[in-house]
Amino acid sequence: MPKRILQGRVTSDKNEQTITVLVERRFKHPLLHKTVRSSKKYRAHDALNQFKVGDEVRIVECAPISKTKRWTVLTDDAVTA
């Protein structure tokens, strides 16, 4: 089964090797037919501490790293490989 890849914006980088990513999704309301924005925060593993607040990143699901971290950041060289 393929791993999910999400794209979002970094909202916090205060923890060591951890960033918080806000992922926003848009969908049409089934009854009102209006576009609705829904967002969720994920904590992702950033081994090199290279991402700062405001950066656009892609995260991929992985095996649990800690109690709250189940995602890791996709770097540019990992995308091409």
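Cut-offs used in this document
- Residues numbered from 1 in each chain as written.
- Predicted model: local features only at pLDDT ≥ 70, side-chain atom pairs only at ≥ 80, totals over all residues.
- Heavy atoms only, no water.
- Helix = DSSP H or I, 4+ residues; strand = E, 2+ residues; numbered from the N terminus.
- Buried < 20%, exposed > 50% of the residue type's maximum accessible area, 1.4 Å probe, protein only.
- Contact = heavy atoms within 4.5 Å.
- Lys, Arg positive; Asp, Glu negative; His and termini not counted.
- Charge placed at Lys NZ, Arg CZ, Asp CG, Glu CD.
- Pairing = 2+ DSSP bridges.

Visitor: Before we move on, could you go through the overall build of the chain and cite the residues and values that matter?
Guide: The helix and strand tally for the chain stands at one helix and five strands. Based on the C-alpha atoms only, the size of the chain along its principal axes is roughly 45 × 30 × 25 Å. Taking all 81 residues of the chain together, the buried fraction comes to 23%. Taking as baseline every contact in the chain between residues at least 6 positions apart, the subset at least 24 positions apart corresponds to 50%. Within the chain, the 9 negative side-chain charges are centred at a point lying 11 Å from the centre of the 17 positive side-chain charges.

Visitor: Can you lay out the pairing of strand 4 (residues 56–61) for me, pointing to particular residues and giving the numbers?
Guide: Inspection of the sheet shows strand 1 (residues 5–12) paired to strand 4 by five bridges, in the antiparallel sense. In the strand pairing of strand 4, Arg-9 is matched with Glu-56. Pairing between strand 4 and strand 5 (residues 71–74): four bridges, direction antiparallel. Note on strand 5: the bridge partner recorded for Ile-59 is Val-73.

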